[in-house]
Amino acid sequence: MRRVVSVFCGCGGLDYGFKQAGFELAYACDSDPAAVDCYARNVDARVFLRDVQSDQFHADIDHLAGCEVVLGGFPCQGFSKAGPKVEEDGRNTLYVEMKRAVGRLRPRLFLAENVDGLSQNYRGAYLKRILADFRQIGYDVAHLLLDAVSYGVPQHRRRIIFVGTRRGGPPFDWPTPTHDFKPRNGECKIDRAGPSLFDFAGGPPAPRLRGPVAIREAIGDLLDLGAPVADHGVTGDWPTKYEFVFRRIEEGQKLCNVRHAPTSVYTWQIPEVFGEVSPREAKVLGTISRHRRHKQYGNVPNGNPLPVGEIERLSGLVNTRPEIDSLLDKGYLKELEGKYDLKGAMFCSGLFKRPRWDEPSPTVLTNFHNPRYFLHPKGNRPFSLRECARLQTFPDTFRLTSDKVSLTDGYRLVGNAVPPRLSAIFAEAVLRFLDAKSQVTVAL
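Rules and cut-offs
- Residues numbered from 1 in each chain as written.
- Predicted model: local features only at pLDDT ≥ 70, side-chain atom pairs only at ≥ 80, totals over all residues.
- Heavy atoms only, no water.
- Helix = DSSP H or I, 4+ residues; strand = E, 2+ residues; numbered from the N terminus.
- Axes fitted to C-alpha atoms, helices over the stretch in contact; angles between N-to-C directions.
- Parallel < 35°, antiparallel > 145°, perpendicular 65-115°, else oblique.
- Contact = heavy atoms within 4.5 Å.
- Nonpolar A, V, L, I, M, F, W, Y, C, P; charged D, E, K, R; others polar.
- Phe/Tyr/Trp six-rings, centres within 6.5 Å; stacked < 30°, edge-to-face > 60°.
- Lys NZ or Arg CZ within 6 Å of the ring centre and 35° of its normal.
- Core = buried A, V, L, I, M, F, W, Y, C linked by side-chain atoms within 4.5 Å.
- Buried < 20%, exposed > 50% of the residue type's maximum accessible area, 1.4 Å probe, protein only.
- Pairing = 2+ DSSP bridges.

## Quick word on unusual backbone geometry
Thought 1: Despite not being glycine, Phe352 has its phi angle at roughly 50°, a positive value.
Thought 2: Although it is not a glycine, Thr393 adopts a positive phi angle of roughly 70°.
Thought 3: By the element assignment, Thr393 lies in the loop between helix H13 (385–391) and helix H14 (407–416).

## Observations regarding the packing of helix H10 (residues 279–291) against helix H11 (residues 308–315)
Thought 1: Their axes nearest at 10 Å, the elements H10 and H11 cross at an angle of 100°. Accordingly, the angle class assigned to the pair H10 and H11 is roughly perpendicular. The segment H10 lies against H11, with Lys283, Val284, Thr287, Ile288 and His291 engaging Ile311, Leu314 and Ser315.
Thought 2: When its residues are assigned to classes, the contact of H10 with H11 shows four nonpolar, three polar and one charged.

## A short note on the packing of aromatic side chains
Thought 1: This structure, assessed with the given rule, holds 19 aromatic pairs.
Thought 2: Taken together, the ring pairs in this structure connect Tyr151, Phe172, Trp174, Phe426 and Phe433 into an aromatic cluster.
Thought 3: The ring centre of Phe244 lies 5.1 Å from the NZ or CZ of Arg247, which sits over that ring.

## Considerations on the nonpolar core
Where a protein is soluble and globular, its nonpolar side chains tend to be buried together.
Thought 1: Grouped together as the largest cluster of nonpolar side chains are 60 residues, with contacts concentrated most on Phe18, Phe23, Val69, Leu111, Phe172, Phe426 and Val430.
Thought 2: Among the elements that line this core, the one with the most residues is helix H15 (residues 420–443), at eight residues.
Thought 3: Among all residues touching Val430, those that are not within four sequence positions of it are Phe18, Phe23, Val69, Leu109, Leu111 and Phe172.
Thought 4: One finds Phe8, Cys67, Phe74 and Tyr95 within the second-largest nonpolar core, a separate group that totals 29 residues.

## Things to note about the sheet that holds strand S9 (residues 264–265)
Thought 1: The mixed open sheet is built from three strands, whose spatial order is S9-S8-S12. Only two strands of the sheet have a single partner each, and these edge strands are S9 and strand S12 (349–351).
Thought 2: Sheet analysis places strand S8 (residues 254–256) next to S12, joined by two bridges and oriented antiparallel. Across the sheet, the residue bridging to Cys256 is Ser349, located in S12.

Function cannot be inferred from these measures alone, as they are strictly geometric.
What follows is the structure in structure tokens.
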């Protein structure tokens, strides 16, 4: 049986697919007690609570009898687009501990997963360093930027996958996408089969690719929170006033002042939460929202303040001073050197997003328990934990919560995980690689 060692295993999304493919999970570790508890109950008992920088972890690796595959989803917080990007974040260098494990165990192949921001942030410096460091210990490393939706996951999840193989051996063949999808606005190109082969993001769909799996297909039977499925609950921990926002946001929309678009719902359209405005005041706010990003008013990418004269010219209103003073008092506007911009515009830059029922989900994040970020397409609530797990392709038999793992812990574990479906597809590709190498060795 093929032996696998897993570092930064989390709750086991990456490892689960390998176990289903017949690999032996000889050792796994994580520094999160909730993750270790969840992994032990659902994946394999050979999992340990370890800090990978500790002597205890180093001793574990030294005492293992080798393996054929090392897996690792090293922490990504310093690269993630969902949080602050801090170049000096100590977690950015934790891949070094995975490198140490690979150098000690000498597997035929290692596979690592991270957020796509790793390849983009800091001008790609960390990506280049990671590739160089693993090459120094004798591994040829290839990387692929993919969206999990192209492998049948009902979710847009852009990740970078590293595969390292012993130098001089056969190349690793990337698994072929099975589903077509439309790249979202503002995203960089996605690789189809590796950066050295060809890119398909802007070209015609490959033949015989199926359409993407939609949210409806994954969770359509779970609209009722009373459905008898494990972990099908929400925290309910949000302010009562949010209910007014829920009622106003439709599918495909979000609370967003900074972009004037059909997908935007503005704070001044929800007076129960943000305060009443008159029709004239609403026109002033809409005028600023519509024009603040136009370059003739400045070079700030997110938007620029407008003078009163321009606001009146663009809106067709006259004598707007009373409205502007009122909006300043109500907290809707701010003054910048005699000009006016929306106040809190960044705060309302795409909150309470309600995805479309018949499209793939946005990336499942650790904060999906909070409706301030994402709403269920058909319900005035956030996605339940089980719905998030389904969108990540965890089976219903995979139970996340326990007396040691809270509902909020469960959202965090699922949001950080590799989708098991994606893992299983890569596990099959790894098996093909290992079998091909074994055949070559016998032939020689």
